[in-house]
Structure formats: C-alpha cells, structure tokens
Amino acid sequence: MKPESKIASGKTKTVYKLEDPSLVLIEFRDDVTALDGRRRDSIEGKGAINAAITAKLMQVLNSHGIPTHFVEFRSPSSIVAKKLSMIPLEVVCRNIAAGHLVKRLPFKEGSPLDPPIVEFYLKDDERGDPMVNARHIVALKLASFDEVAFMEETTLKVNEALKSFLASRGLTLIDFKIEFGRDPSGNLIIGDELDPDCMRIRDVSTGRVLDKDLYRQGKPLNEVLEAYLECRRRIVEGD
Ligand code: C5P
C-alpha cells in the first residue's frame, strides 16, 4: 500500500490516499502549534513519538471493545487508519480541573471532578472553537440527539480505559480531547489522534507535566521533547 497523494493537511498531520479506498495513511509531522495555530514550531522527532503513542492508545481502546480508526502503525511516524467522514467536533473529557475549565468556571486548579465532565466544542478556528451543547449540534446538522448521547457515553468509556491503562504506567490522566467520524455504514468511530498533544498527563508521584502544556507555557522545545520521550517510554516501551 503506497501513499499515492495527499488528501488533507492539518496543523500537525497529513492524510494520504492508499490503494485500498477504505483506508488512509496519516502522517504525524514534527509541527507543534498553540493559540489556534497562531504559534508554531517544529520539534524533531515529535511526529514519530505521537504516531507511536496514538497507535498504542488506540490499541488499548480496541482491546476494551471501543472501535477506533486505527489499523496499523507504519514506522517511523504514520498510522494506517480506516477512512472516516469526520464530524467537526472536539469532545473533551475532564477528570481534574485544568486549562479552560478553571478560567471559565469556579473550579480550583487541580481539584478532582466528580463526575468527570464531558464537553463538546465546534472545530472552527475563526470563532475560537466555541463550546456547543446537544441542541446546537443537532441544529447545526452535525449529528442526531442519539449520536450526541453515544459520543458522550463512548467518551466516558474511553476515559475509564485510558485512566486505568495510564495509571498502570504511573501516569495521571487530567483531561483529553477526542474526535469522532462516520464509517461508510454510518457507525460513529473514534478517529484523529491520542497523544500528549491532546491530553494532559502528569507523573503520579511527582506531578511532573508530560504533555503540550509545557509548550503552551513557553518552555524550551528540548524540554517539551524530553517530556514526550518520557511519555513514549512509559506508554509504548513500558510493555
Ligand atoms: O484547553 P482545554 O482545557 O479546554 O483542553 C482540554 C483538553 O483538550 C486538553 O487535554 C487539551 O490538550 C485538549 N484539547 C485539544 N485540542 C483543542 C483543545 C483542547 O487537544 N483544540
């Protein structure tokens, strides 16, 4: 299966056609962005790290019976995935208060959230990815009420699966973002990525930050790379 041509290119990933029209090749690039793409850098090796972590975490979900687009890892920095029609929503799940939540609502940074919170955001850089509820999503014709409920339930299952897997590797899952797409039969499946670009991960005992928050905070790029390498060591090589 040779990549023939580019289908799409986002902020950090490029999607290529494959001979089998039901599959795509997703290449994770070394780019890192923040502030809706207004800040951008490149960290050599980050693409390969994120591809390997995404492959591992999607396999963890598949082993819990949660369908994802993941088919196989293609060294060094790509995955083969089922081709989906992506829904332009970001589904965020939070276990511990951080990030935008503590800016918007009276939660104290670092406090546990019981129950975990699930939020939907519209993928729309021009509007700053606004938060939306089920009625916005249905009125925007992005999904049905049943599909919104399914995405929320699935996100909570993903949370349980990831939280326990990461805990077994000495990591705390603060929050994460996933995206859904439809397969040709209309089934909702998890697409996109699962890596330190889209989740907050801390070391259980020291609280060390091991994710993109370091880049958001303006830390040196080598420090960001070191944290991503540590994530890969624990998540992928910890087997
Ligand atoms: O910024 P906020 O606190 O809403 O982020 C919640 C979680 O969603 C974090 O893990 C963050 O990395 C992820 N996220 C993302 N892409 C966005 C917004 C948030 O991956 N555009």
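To keep things clear, this report deals only with the structure shown in the data block. (Residues numbered from 1 in each chain as written. Predicted model: local features only at pLDDT ≥ 70, side-chain atom pairs only at ≥ 80, totals over all residues. Heavy atoms only, no water.)

A few points about the overall build of the protein
When you go through the protein residue by residue, the secondary structure sums to 6 helices and 15 strands. By the compact-globule yardstick of 18 Å for 239 residues, the protein fits well, its C-alpha radius of gyration being 17 Å. Projected onto its principal axes, the C-alpha positions of the protein cover 45 × 40 × 35 Å. In the protein, which comprises 239 residues, the proportion classed as buried is 49%. Excluding contacts between residues fewer than 6 apart, the proportion of contacts in the protein whose partners are at least 24 apart in sequence is 54%. Accessible area of the protein: about 11600 Å², with a carbon and sulfur share of 52%. Distance between charge centroids for the protein: 2 Å, based on 36 positive and 38 negative side chains. (Helix = DSSP H or I, 4+ residues; strand = E, 2+ residues; numbered from the N terminus. Rg over C-alpha atoms; globule rule 2.2 N^0.38 Å. Buried < 20%, exposed > 50% of the residue type's maximum accessible area, 1.4 Å probe, protein only. Contact = heavy atoms within 4.5 Å. Areas by Shrake-Rupley, 256 points an atom, 1.4 Å probe, with all protein chains shown as cover. Lys, Arg positive; Asp, Glu negative; His and termini not counted. Charge placed at Lys NZ, Arg CZ, Asp CG, Glu CD.)

Focus: the nonpolar core
Counting 55 residues, the largest nonpolar core has Leu57, Leu89, Phe120 and Ile235 as its most contacted members. Take this core: its biggest share by element is 8 residues, from helix H1 (residues 46-63). With residues up to four places along the chain from it excluded, the contact list for phenylalanine 120 reads Leu89, Glu90, Val91, Pro130, Met131, Val132, Ile137, Val148, Met151 and Glu152. (Core = buried A, V, L, I, M, F, W, Y, C linked by side-chain atoms within 4.5 Å.)

Observations concerning the site of the ligand
In the region of the ligand, 15 residues are neighbours, and Glu90, Arg94, His100, Asp175 and Arg216 sit closest. Between an oxygen atom of the ligand and a side-chain N or O atom of arginine 200, the distance comes to 3.0 Å. About the coverage of the ligand: the protein hides 84% of its 450 Å² of free accessible area. Secondary structure elements with two or more residues in the shell around the ligand: strand E9 (89-96), helix H2 (99-104), strand E12 (171-178) and strand E15 (199-203). Residue composition of the shell around the ligand, by class: 5 nonpolar, 2 polar and 8 charged. (Near = heavy atom within 4 Å. Polar contact = N/O pair within 3.5 Å; in protein donor to acceptor, adjacent residues only side chain to side chain. Nonpolar A, V, L, I, M, F, W, Y, C, P; charged D, E, K, R; others polar.)

Brief notes about the environment of proline 115
Among the secondary structure elements, proline 115 is positioned in strand E10 (residues 112-122). For the pair formed by proline 115 and asparagine 95, sequence separation is 20 residues and the distance between their alpha carbons is 7.9 Å.

Description of unusual backbone geometry
Excluding glycine, most residues fall at negative phi; most peptide bonds, likewise, are trans. Residue proline 76 follows serine 75 across a cis peptide bond; omega there is 5 degrees. The topology assignment puts proline 76 in the loop between strand E6 (70-74) and strand E7 (78-82). Between aspartate 114 and proline 115 the backbone carries a cis peptide bond, its omega angle lying at 5 degrees. Within the chain, aspartate 129 stands out as a residue other than glycine whose phi angle is a positive 45 degrees. Secondary-structure assignment places aspartate 129 in the loop between E10 and strand E11 (131-132). We note that aspartate 192 has phi near 60 degrees; this positive angle belongs to a residue other than glycine. Checked against the element boundaries, aspartate 192 lands in the loop between strand E14 (188-190) and E15. Given the relative accessible area of 12%, aspartate 192 is considered buried.

Side note on the pairing of E10
Of the pairings in the sheet, the one linking E9 to E10 comprises 7 bridges and is antiparallel in character. Residue pairing for E10: valine 92 is matched across the bridge by glutamate 119. The pairing of E10 with E11 spans 2 bridges and is antiparallel. By the bridge assignment for E11, tyrosine 121 is matched with methionine 131. (Pairing = 2+ DSSP bridges.)

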